[in-house]
Amino acid sequence: MSNSSAATATRAGVTWTWLIVALFAHTGWGAYPVLARYLQTISHLPSMAILALGNAIALLIYLPFAYRHLDRRVWLTPIIWLFALVVSARAMTNLTSARFTLAIYVQLITLLTPLIVALMSKVFFRERLPPFTLPAIGLSIFGSLLMMSGDLSSGAMLRLTGSDLIGIAIAFVSACALALYMILIPRATGTGHVRAEAMLLIQLIALTVTCGAMSLLLSEPWQQFTVIGPFDWAVFAAFIVFVLLGANLGQIVALRQLGAPMVSSTMGWRLISALALAALLLGEQLQSVWQVLGAGIVLVTITIYLRRSHARK
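To start, this report covers the structure provided alongside it. Quick caveat: nothing in here was measured; it's all calculated off a predicted structure.

Let us look at the overall build of the protein. For the protein, the helix and strand inventory stands at twelve helices and zero strands. Moving toward the C terminus, one meets the helices and strands of the protein in the order α-α-α-α-α-α-α-α-α-α-α-α. Considering the protein as a whole, with its 313 residues, one finds that 50% of them fall into the buried category. In the protein, the share of contacts with a sequence separation of at least 24, taken over all contacts with a separation of at least 6, comes to 87%.

As structure tokens, then:
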């Protein structure tokens, strides 16, 4: 084998390694609403307390490795305070939405974030809509309605309860916050003054403080942590290790090695992850061929949209 062939094979191997890391990160984000729903509806842990304690533990683990990346002057940057506000709103609504509706519905709404980003960029920054945006929105809404439908062959339409509608509405607010987060991140780190590692550290600090304060304000019953069983603690540990730390860090390193186009083009894996884990942990699964078809439409639409959008850049 020539040196050039060996080098090409090595690069391909490295790319696959980082692609696996990206898929691990997407798996973690797909697991987020499932684990959040379990902790709130089965373990009966208070919502803000989950975020406050979870992020505090993640912060203690991450701080020794990341403190050197944080310049104290970063706290004087206005966009950092806006970032902290947005990330707190995103986390609170994302977790709370899973209390009211199925985890797969929460992940489905989250998957529409790239389309919301495009619309926000058009409205607030007067950027041009990428081609296929409006058809992608139409197809995604159609696929989403199919996923939330009953047995259409028997005339059943949407089978959503009042609780589902509340959860979906909160999930949509959360997706808008995530879209704003995705718009702010490149503006905060693009100048080189704030490293991605520092942004994660700021995020953990912001969530620990804001969610802790919100939990105290709501007088949440923290004593529930003392009565949950070993499996509940295992789920809580998985939420911290695989989501708050693993998914965040995996996403950071994958973005650095592969770039945003390749990482985001595999975002559809989050829905597959959510579907698989929700069936295993919560017993929530797609019930009809129409729902499977709807999930397929959303997955294919978002994947094609992301690849076409990034191919133009």
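So, next bit.
So, about the nonpolar core. Core analysis: the biggest nonpolar cluster contains 73 residues, and Y32, L51, F239 and L271 have the highest contact counts within it. Of all the elements, helix α9 (residues 230-258) adds the most residues to this core, at ten residues. Excluding residues within four positions of it along the chain, L271 makes contact with I104, Q107, L108, L111, M147, A295 and L299. Judged by nonpolar contacts, the second largest core, of eleven residues, contains I80, F83, Y181 and I202.

A separate point is the environment of Q257. Secondary-structure assignment places Q257 in helix α9. Here the alpha-carbon distance between Q257 and L19, two residues 238 residues apart in the chain, equals 9.1 Å.

Two elements in contact, helix α2 (residues 47-66) and helix α3 (residues 78-100), have axes whose closest approach is 9 Å; the angle formed by their N-to-C orientations is 135°. Between α2 and α3, the angle is such that the two are oblique. Considering how the two elements wind past one another, α2 and α3 form a crossing that is right-handed. Residues S47, M48, I50 and L51 of α2 form the contact with α3, whose participating residues are A91, M92, L95, T96 and R99. A per-class count over the contact of α2 with α3 returns six nonpolar, two polar and one charged.

Let us look at the environment of R270. For R270, the position within the fold is in helix α11 (residues 269-282). In this structure, R270 is in contact with H26, W29, G30, Q107 and Q251, ignoring residues within four places of it in sequence. Reaching out from R270, the side chain makes a polar contact with the side chain of Q251 at a distance of 3.1 Å.

The next point concerns the packing of aromatic side chains. Under the counting rule described, the total for this entry stands at nine aromatic pairs. Through pairs of rings, three or more aromatic residues link up here, namely W222, F225, W233 and F236.

Moving on, we get to a nonpolar patch on the surface. Among the surface-exposed residues, F24, V241 and F242 lie close enough to one another that they form a single nonpolar patch of about 270 Å² accessible area. With respect to the helices, strands and loops of the structure, F24 is situated in helix α1 (residues 3-41).

This structure, assessed with the given rule, holds one cavity of 30 Å³ or more. Reported here for the largest cavity is a volume of approximately 50 Å³. Contributing to the lining of the largest cavity are W29, Y32, P33, R90, N94, Q107, T110 and R270. If you list the elements that add at least two residues to the lining of the largest cavity, you get α1, α3 and α4 (103-111). In terms of residue count, α1 provides more of the lining of the largest cavity than any other element does, three residues in total.

The next thing to look at is the side chain of T93. Note on placement: T93 falls in helix α3. Take T93: its relative accessible area is 17%, and that puts it in the buried class. Beyond its immediate stretch of four places on either side in the chain, T93 contacts I170, V173 and S174.

So, how was this worked out
- Residues numbered from 1 in each chain as written.
- Predicted model: local features only at pLDDT ≥ 70, side-chain atom pairs only at ≥ 80, totals over all residues.
- Heavy atoms only, no water.
- Helix = DSSP H or I, 4+ residues; strand = E, 2+ residues; numbered from the N terminus.
- Buried < 20%, exposed > 50% of the residue type's maximum accessible area, 1.4 Å probe, protein only.
- Contact = heavy atoms within 4.5 Å.
- Core = buried A, V, L, I, M, F, W, Y, C linked by side-chain atoms within 4.5 Å.
- Axes fitted to C-alpha atoms, helices over the stretch in contact; angles between N-to-C directions.
- Parallel < 35°, antiparallel > 145°, perpendicular 65-115°, else oblique.
- Left-handed = near helix turned anticlockwise from the far one by under 90°.
- Nonpolar A, V, L, I, M, F, W, Y, C, P; charged D, E, K, R; others polar.
- Polar contact = N/O pair within 3.5 Å; in protein donor to acceptor, adjacent residues only side chain to side chain.
- Phe/Tyr/Trp six-rings, centres within 6.5 Å; stacked < 30°, edge-to-face > 60°.
- Patch = residues over 30% accessible without salt bridge, like charges linked within 9 Å, V, L, I, M, F, W, Y side chains within 5 Å.
- Areas by Shrake-Rupley, 256 points an atom, 1.4 Å probe, with all protein chains shown as cover.
- Salt bridge = Lys/Arg side-chain N within 4 Å of Asp/Glu carboxyl O.
- 1 Å grid on protein atoms, 1.4 Å probe; cavity = no way out; pocket = protein on both sides within 12 Å on 5 of 7 lines; lining within 4 Å.
- Points joined across faces, edges and corners; volume = space filled by probe spheres on them.

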